[in-house]
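Working through the structure, step by step
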Amino acid sequence: AVSVYRQAEKARDAGDLRGAAQAFQRIGALVPDAAIRSKADYDTTAALIALQDWPAAERALESFRARYPADALAADVAKKLAYAYEQDGKPGNAADAYARIARRGDQTPALRRDAAWQAAQLYDRAQSATAAMRAYELCIDDMFGQPLDRDLQARRRRADQVRDSGQDDSASRRWLESVAVVDAQSGS
């Protein structure tokens, strides 16, 4: 496993990212329980992302996430998976990945807010109304008014969603009123 890993590193250092990814992947096939397998699997994902081979990167990242859920690199893998889905034109999958990041307690509040916002925006783009509503509500609940512009946009978007879903006007009006209240409380 170590010998193959060194070959993969040499290929990567020489600029042969495809060869490096293949060599890193071989470690799992040759020695499934090798101590360096998780590092090799992670390096596989990095090479595939650098190649912008989004489908292969997604498969490798999903495999890493399933195989090593408690690994120290799991949080980074989640971010890379969200990015790969986004680059591959899969807004719904990317939104799901960002939503998982937003719910991770081991992430900073700022990162969780950004991930929740990204998830909401991508659910909108994927035309997944129910998931978008939940994501915007997560933004509102977790932002605590910061940043203010996103909080207001999320509240306004929820008002629009309620209106567009055909619910009674009072629910939409309550969301619009919350926009006015938050804006008034924010000062100048």
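Quick caveat, the model's predicted, so the values are computed rather than measured.

**With respect to the nonpolar core**
In terms of nonpolar packing, the biggest core is built from 43 residues, with Y98 and Y123 touching the most fellow members. Those elements giving two or more residues to this core turn out to be α3 (37-50), α4 (54-67), α5 (74-87), α6 (91-102), α7 (109-125), α8 (129-143), α9 (148-164) and α10 (169-185). Excluding residues within four positions of it along the chain, Y123 makes contact with G92, A95, D96, A99, S128, A131, A132 and A135.

**Notes on a positive patch on the surface**
Residues R65, R100, R103 and R134 make up a contiguous surface patch of positive charge. Within the fold, R100 resides in helix α6. The exposure class assigned to R100 is partly exposed, which follows from its relative accessible area of 31%.

**Here we look at the pattern of salt bridges**
Evaluated as defined, the whole model comprises 18 salt bridges. Residue E58 pairs with K90 through a salt bridge whose shortest N-O separation is 2.8 Å. Taken as a pair, E58 in helix α4 and K90 in the loop between α5 and α6 lie far apart in primary sequence, 32 residues in all. Here E58 falls in the buried class, since its relative accessible area comes to 3%. Across the pair R163 and D164 runs a salt bridge, and its minimum N-O distance is 2.9 Å.

**A closer look at the environment of D33**
By the secondary structure assignment, D33 is in the loop between α2 (17-30) and α3. Along the backbone, D33 and A1 are 32 residues apart, and their C-alpha atoms lie at a distance of 9.7 Å.

**A look at α10**
For α10, built from 17 residues, the straight-helix expectation of 24 Å at 1.5 Å per residue is met to within 8% by its first-to-last C-alpha distance of 24 Å. Those residues of α10 that sit buried are A171, S172, W175, S178, V179 and V182. Projected onto a plane normal to the axis of α10, the buried residues spread over an arc of 110° and lie on a single side. Away from the buried face of α10 by more than 90 degrees, exposed residues D169, R174 and A184 are located.

**Some points on the packing of α5 against α6**
In a packed pair of helices, the relevant descriptors are the angle between the two axes and the axis-to-axis distance. As a packed pair, α5 and α6 sit with axes 8 Å apart at the nearest point and diverge in direction by 160°. Judged by the angle between their axes, α5 and α6 are roughly antiparallel. As for how α5 packs across α6, the hand of that crossing is left-handed. Side by side, α5 and α6 meet where A78, K79, L81, A82, Y83, Y85 and E86 of the first sit next to N93, A94, A97, Y98, R100 and I101 of the second. The residue inventory of the contact of α5 with α6, partitioned by class, reads nine nonpolar, one polar and three charged.

Reading the values: rules and limits
Residues numbered from 1 in each chain as written. Predicted model: local features only at pLDDT ≥ 70, side-chain atom pairs only at ≥ 80, totals over all residues. Heavy atoms only, no water. Core = buried A, V, L, I, M, F, W, Y, C linked by side-chain atoms within 4.5 Å. Buried < 20%, exposed > 50% of the residue type's maximum accessible area, 1.4 Å probe, protein only. Helix = DSSP H or I, 4+ residues; strand = E, 2+ residues; numbered from the N terminus. Contact = heavy atoms within 4.5 Å. Patch = residues over 30% accessible without salt bridge, like charges linked within 9 Å, V, L, I, M, F, W, Y side chains within 5 Å. Areas by Shrake-Rupley, 256 points an atom, 1.4 Å probe, with all protein chains shown as cover. Salt bridge = Lys/Arg side-chain N within 4 Å of Asp/Glu carboxyl O. Lys, Arg positive; Asp, Glu negative; His and termini not counted. Charge placed at Lys NZ, Arg CZ, Asp CG, Glu CD. Expected span 1.5 Å × (residues − 1). Arc of directions from axis to C-beta. Axes fitted to C-alpha atoms, helices over the stretch in contact; angles between N-to-C directions. Parallel < 35°, antiparallel > 145°, perpendicular 65-115°, else oblique. Left-handed = near helix turned anticlockwise from the far one by under 90°. Nonpolar A, V, L, I, M, F, W, Y, C, P; charged D, E, K, R; others polar.

Shape is all these values report; function is a separate question.
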